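For reference, the chains in residue letters:
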Amino acid sequence: QVQMVESGGGLVQPGDSVTLSCTPSDRSHIPTFIRYIMAWFRQAPGKEREFVASITYNNRSTMTDELMKGRFTISRDNTKNMIYLRMNGLKPEDTAVYYCAGGTVGPGATLASPATYADWGLGTQVTVSS
């Protein structure tokens, strides 16, 4: 099991930009991590965990939720063992705990489903408020 660690959250104002980062907590998991399909999810108080974006292990394909497309961008740098989520134009409704998730996903898997991913981080809080 690969434990991920997220960072970069905090209190920001509407319209601000933030970049979240995710990396394995243990260097021994890096060979597995760099082969994973990775994703970001978020969960607001009282709501279900929702898909934000995913990226393949080789950076060739990304997928972003339609409501966040154009504002949120997922990327990865396997040389640094990092996954990023760049969030622009933040709104109060973006307030949530943001989670990094990863797994070896087979053909036909639903990338937007939390059940697809075996390994998760503990999350980082993003609060958008004036």
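Residues numbered from 1 in each chain as written. Predicted model: local features only at pLDDT ≥ 70, side-chain atom pairs only at ≥ 80, totals over all residues. Heavy atoms only, no water.

**Comments concerning the packing of aromatic side chains**
Then, in step 1: Summed over all chains, the structure comprises four aromatic pairs.
Then, in step 2: For the pair Phe41 and Phe51, a centre-to-centre distance of 5.6 Å together with 75° between the ring planes defines the contact as edge-to-face. With a gap of ten residues between them, Phe41 in strand β4 (residues 37-43) and Phe51 in strand β5 (residues 50-55) connect regions that are remote in the sequence. The pair Phe41 / Phe51 is uniform in exposure class, with both members buried.
Then, in step 3: The interplanar angle of 75° and the centroid separation of 6.4 Å between the aromatic rings of Tyr99 and Trp120 together place this pair among those described as edge-to-face. Here Trp120 lies in strand β10 (residues 119-120) and Tyr99 lies in strand β9 (residues 96-103), a separation of 21 residues in the sequence.
Then, in step 4: For Trp120, a relative accessible area of 17% translates into the label buried.
Then, in step 5: Ring pairing ties together the aromatic residues Phe41, Phe51, Tyr99, Tyr117 and Trp120, which thus form one cluster.
Then, in step 6: In this structure, Arg49 is placed above the aromatic ring of Trp120, and the distance from its NZ or CZ to the ring centre is 4.9 Å.
Then, in step 7: Geometry around Phe33 places Arg76 over its ring, the cationic atom sitting 5.9 Å from the centre. (Phe/Tyr/Trp six-rings, centres within 6.5 Å; stacked < 30°, edge-to-face > 60°. Helix = DSSP H or I, 4+ residues; strand = E, 2+ residues; numbered from the N terminus. Buried < 20%, exposed > 50% of the residue type's maximum accessible area, 1.4 Å probe, protein only. Lys NZ or Arg CZ within 6 Å of the ring centre and 35° of its normal.)

**Re the layout of surface pockets**
Then, in step 1: Of the volumes computed, that of the largest pocket is approximately 200 Å³.
Then, in step 2: What lines the largest pocket is simply Arg42, Ala44, Lys47, Glu48, Glu50, Leu67, Met68, Arg71, Lys91, Glu93, Asp94 and Thr95.
Then, in step 3: Partitioned by chemical class, the residues of the lining of the largest pocket number three nonpolar, one polar and eight charged. (1 Å grid on protein atoms, 1.4 Å probe; cavity = no way out; pocket = protein on both sides within 12 Å on 5 of 7 lines; lining within 4 Å. Points joined across faces, edges and corners; volume = space filled by probe spheres on them. Nonpolar A, V, L, I, M, F, W, Y, C, P; charged D, E, K, R; others polar.)

**Things to note about the pattern of salt bridges**
Then, in step 1: Applying the stated criterion across every chain, the model contains four salt bridges.
Then, in step 2: The partner of Asp94 in a salt bridge is Arg42, with the nearest N and O atoms 2.9 Å apart. Taken together, the residues span a long stretch of sequence, with Asp94 in the loop between β8 (82-87) and β9 and Arg42 in strand β4 at a distance of 52 residues. The pair formed by Asp94 and Arg42 is uniform in burial state, with each residue classed as buried.
Then, in step 3: Between Glu66 and Lys69 there is a salt bridge whose closest N-O contact spans 2.8 Å. (Salt bridge = Lys/Arg side-chain N within 4 Å of Asp/Glu carboxyl O.)

From the geometry alone we can't say anything about function, so treat these as descriptive.
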